[in-house]
Amino acid sequence: MSVELTINEEQRLTGVHMHQDSSGTLNQSLNLWVMSRALLLNILRDSMVYGYRSFSREVMPQMVNRYVLMGYEFRGYARSITTLNEYFQANMDVLNSQVRGELFENNNYPIFTRVRDSEPTLYGPEAQAKNSLVSDGCVIRGTVENSILFRGVRVDEGAVVRNCILLNDTIVESDVSMNYVITEKNVVIQRGRNIGGCEGYPFFIGWKQIV
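Residues numbered from 1 in each chain as written. Predicted model: local features only at pLDDT ≥ 70, side-chain atom pairs only at ≥ 80, totals over all residues. Heavy atoms only, no water.

Along the backbone of the protein there are four helices and 17 strands. The C-alpha atoms of the protein give a radius of gyration of 22 Å, which is well past the 17 Å a tight globule of 211 residues would have. C-alpha extents for the protein along the principal axes are approximately 65 × 35 × 35 Å. By residue count, 30% of the 211 residues in the protein fall in the buried class. Long-range pairs, those at least 24 residues apart, make up 21% of the contacts in the protein between residues at least 6 apart in sequence. A total of about 13900 Å² of accessible surface is found on the protein, and carbon and sulfur atoms cover 48% of it. (Helix = DSSP H or I, 4+ residues; strand = E, 2+ residues; numbered from the N terminus. Rg over C-alpha atoms; globule rule 2.2 N^0.38 Å. Buried < 20%, exposed > 50% of the residue type's maximum accessible area, 1.4 Å probe, protein only. Contact = heavy atoms within 4.5 Å. Areas by Shrake-Rupley, 256 points an atom, 1.4 Å probe, with all protein chains shown as cover.)

In this structure, strand S1 (residues 2-7) lies alongside strand S2 (residues 13-19), joined through six bridges in antiparallel fashion. Note on S2: the bridge partner recorded for Ser-2 is His-19. Hairpin connection between S1 and S2: a loop of five residues separates the two successive antiparallel strands, and Gln-11 in this loop has a positive phi of roughly 70 degrees. (Pairing = 2+ DSSP bridges.)

Turning next to the packing of helix H1 (residues 37-50) against helix H2 (residues 55-63). To describe two helices that pack against each other, one gives the angle between their axes and the distance between the axes. At a minimum axis distance of 11 Å, the contact between H1 and H2 shows a crossing angle of 105 degrees. It follows that H1 is roughly perpendicular to H2 by the angle criterion. Of H2, the residues touching H1 (which contributes Leu-40, Ile-43, Leu-44 and Ser-47) are Phe-55, Val-59 and Met-63. In terms of residue class, the contact of H1 with H2 is made up of six nonpolar, one polar and no charged. (Axes fitted to C-alpha atoms, helices over the stretch in contact; angles between N-to-C directions. Parallel < 35°, antiparallel > 145°, perpendicular 65-115°, else oblique. Nonpolar A, V, L, I, M, F, W, Y, C, P; charged D, E, K, R; others polar.)

Taken together, the buried positions of H2 are Ser-56, Val-59, Met-60 and Met-63. One face of H2 carries all of its buried residues, which in axial projection span an arc of 105 degrees. Buried residues in H2 make contact with S1, S2 and H1. By the N-cap criterion, in which a side-chain oxygen at the helix start approaches the backbone nitrogen of a residue two or three places on, H2 is capped by Ser-54, the distance to Arg-57 being 3.1 Å. (Arc of directions from axis to C-beta. Polar contact = N/O pair within 3.5 Å; in protein donor to acceptor, adjacent residues only side chain to side chain.)

Okay, the nonpolar core next. Ranked by size, the top nonpolar core spans 18 residues in total, and within it Leu-149, Val-155, Val-161, Leu-166, Val-172, Met-178 and Ile-189 carry the most contacts. If sequence neighbours within four positions are ignored, Leu-166 has contacts with Ile-148, Leu-149, Phe-150, Val-153, Val-161, Val-172, Met-178, Val-181 and Thr-183. Among the nonpolar cores identified, the runner-up in size contains 10 residues, and Leu-13, Val-16, Val-64 and Leu-69 belong to it. (Core = buried A, V, L, I, M, F, W, Y, C linked by side-chain atoms within 4.5 Å.)

Written out as structure tokens, the structure reads:
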């Protein structure tokens, strides 16, 4: 369900509506609101009285006639992440050079991350990597395609990783086959395993799991 905003010619917000179908052209809310801390606290206190749970869907429609709310049009890349599949698709979008450039090569809105000072990724003599983002500190001796590998991931000889998101320090042992899989940190996929989801329904492996 998407949140549609109605905005007049002066860019003032005049309505907040819920839509089951978000197809077509509409002003869709990014669920980002800028206001003073004091005002936010007052709104939250009032909302608790009525048992509201969703800020965009329940609180803001009540605020339209009480406050002057202005809209700001954003035409860049944006995605809603509320499900595992949406998380997967958002990460896969980053493999697109245009999306990646918009997110990471914008000098006006830099993205900062924690420095780990890992060594450069090591590629073995039989390694193959295609259309993938591989962080520093990885060791790739198998095949990686259409995937995103976070820091410290290891893919051993004979392993094939396709359409996967492998978080920090995941170990994929030899002769493993993986397709449409998301792993949390410190996961170990043991030798010879065949694991896969499908497009639209990726398979998830939790933190520190040994499969």
